[in-house]
Amino acid sequence: MTGTPVRTHSEAFRQRALISVPGGVNSNVRLSAPPVFFARGAGARLWDVDDNEYIDYVLGQGPHFLGHANAAVNEAVSDACTRGMLFGGQNALEVQACELTLAALGWADMIRLGMTGTECVQAALRAARAATGRSTFVHFEGHYHGWLDNVLVHTSGQQSGVASAGQLSSHLADSHMLPWNDAEALAALLSVSGDTIAAVIMEPMMVNAGGIEPLPGYLQRVRELCDQHGVVLIFDEVITGFRIALGGAAEKYGVTPDLATYGKAMAGGWPVAGLAGRRDLMEPFGTGVVNHSGTFNGSVMAAAAVVATQQLLQSDPPYERVDAYGTELMAQLAKLAERYEIPLRVQGVAAAFHVSFGDPAPVRDLRSLDRLDLDRYAGFATRLADHGLWLAQRGIWYVSAAHGEQELTDTVERVEAALAEQLP
Ligand SMILES: Cc1ncc(COP(=O)(O)O)c(C=O)c1O
């Protein structure tokens, strides 16, 4: 793409959408993105309705770990659907989907399928409360666990409290908010209030704000503290699951939670989520003691998508390829920053890293993230869209198994073109 791309058709769709759809978008997360309407995606690339082409690092906010329109997954889903989609009863594929997912995770005994990460988080908290008879839980600054009242908080900045008008602040009263990557803060809270706390929930790598990995030993210490105080440890692996390793963060960092939520990369882009965990915590769903419901849970399309995705991930694991691509891209971005003498900083893991402007020293939590110039990066990401790179304004770059050599070369060229443009 050279010069500012023509987006006449996108603009026409936007004007139409603004009349019938609040903000022209169906998820508030997309309000900050450039107003581009897409026509199609294939592999690591997208084309908008004006036929401008983009290399995609948003990947639908993470789900397209196999790339867009993966043929094997799509064929499996469309084939299964020809025989019906929802039976108001069980289908055979559901069992296979659950078995394959548990095999990938290794540590969990049982799993329930859902539609979104948001609802699986709620099921996890409910299961933890049911098991412990306690009511409160601990969550962490900068971590995102969905958009519902009891978990929605700001994932950037120093703001605290409700993150939306209409959100009941009383629902946040059931939780304790702590800085992440600080085991002593958790130890101090648990030593005072441990016997009232049902669960600790966290993104085991803080991808939503900053692409921040746990400090060495942090997750292990959290595990010990939870055991010591009888608190259920929930890993929210909606982003990290099947992405940073087949078994997610639990596998990568070698720490086993009691419950974990999954979504995004689990089903090749199809809307499927899951709650997995220890048998004693999961069985109460099966006796009916703890309610978890959903009309579309475990549908034929969901189950077929999970089976096909898990078969691909397990028979031909793309993790080394993704790792090599992401590692090289991170290095190339750092090199460009050096050459153009701009304070671009890159942090995270190859499959999910964070780019921003500011001090190159690593950040370890939301508070240290605040010293970065996130607004400048958001503007840069918007300009990169004009150069054919589709990026999240909040700085996260997701890499897929479909990104290859050509995408790497094209990406570096496009970033360089945008950087050169900024020079006086
Ligand atoms: C870590 C984490 N948990 C939960 C959710 C909510 O998932 P969903 O958008 O599928 O409801 C997200 C979404 O981005 C997430 O990143």
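This report concerns the structure included in the present document. Everything numeric here is computed off the predicted structure, so don't read it as measured data. (Residues numbered from 1 in each chain as written. Predicted model: local features only at pLDDT ≥ 70, side-chain atom pairs only at ≥ 80, totals over all residues. Heavy atoms only, no water.)

1. What to know about the packing of aromatic side chains
Two aromatic rings, taken as a pair, are described by how far apart their centres are and by the angle between their planes. Following the criterion strictly, the structure yields 12 aromatic pairs and no others. On the numbers, 4.8 Å between centres and 80° between planes, the contact of Phe 38 with Trp 390 is edge-to-face. One end of the pair, Phe 38, is in strand S1 (residues 38–42); the other, Trp 390, is in strand S13 (residues 389–390), with 352 residues separating them in the sequence. On the accessibility criterion, Phe 38 (31% relative accessible area) is partly exposed. Relative to Trp 397, the ring of Tyr 57 has its centre 4.8 Å away and its plane inclined at 40°; by these criteria the two rings are tilted. Remark: Trp 397 occurs in strand S14 (residues 396–398) and Tyr 57 occurs in the loop between strand S3 (53–56) and helix H2 (71–81); sequence separation between them is 340 residues. What makes Tyr 57 buried here is its relative accessible area of 0%. Joined through ring pairs, the aromatic side chains of Phe 38, Tyr 54 and Trp 390 make up one cluster. Of note, Arg 40 hangs over the ring of Trp 47, and the distance from its end group to the ring centre comes to 4.4 Å. (Phe/Tyr/Trp six-rings, centres within 6.5 Å; stacked < 30°, edge-to-face > 60°. Helix = DSSP H or I, 4+ residues; strand = E, 2+ residues; numbered from the N terminus. Buried < 20%, exposed > 50% of the residue type's maximum accessible area, 1.4 Å probe, protein only. Lys NZ or Arg CZ within 6 Å of the ring centre and 35° of its normal.)

2. Topic: the site of the ligand
Contacts to the ligand come from Thr 116, Gly 117, Thr 118, Tyr 144, His 145, Gly 146, Glu 203, Asn 208, Asp 236, Val 238, Ile 239 and Lys 264. In the model, an oxygen atom of the ligand is placed 2.9 Å from a nitrogen or oxygen of the Gly 117 main chain. Across the shell around the ligand, the residue classes break down as 3 nonpolar, 6 polar and 3 charged. (Near = heavy atom within 4 Å. Polar contact = N/O pair within 3.5 Å; in protein donor to acceptor, adjacent residues only side chain to side chain. Nonpolar A, V, L, I, M, F, W, Y, C, P; charged D, E, K, R; others polar.)

3. Re the sheet that holds S3
With respect to topology, 4 strands assemble into an open sheet ordered S1-S2-S3-S13, the strand pairing being mixed. The open sheet has two edge strands, S1 and S13, and neither has a second partner. For strand S2 (residues 45–48) and S3, the ladder comprises 3 bridges, and the chain directions are antiparallel. When the sheet's bridge partners are listed, Trp 47 is paired in S3 with Glu 53. Relative to S3, helix H14 (residues 405–422) is tilted by about 110°, and along the sheet it contacts S2, S3 and S13. (Pairing = 2+ DSSP bridges. Contact = heavy atoms within 4.5 Å. Axes fitted to C-alpha atoms, helices over the stretch in contact; angles between N-to-C directions.)

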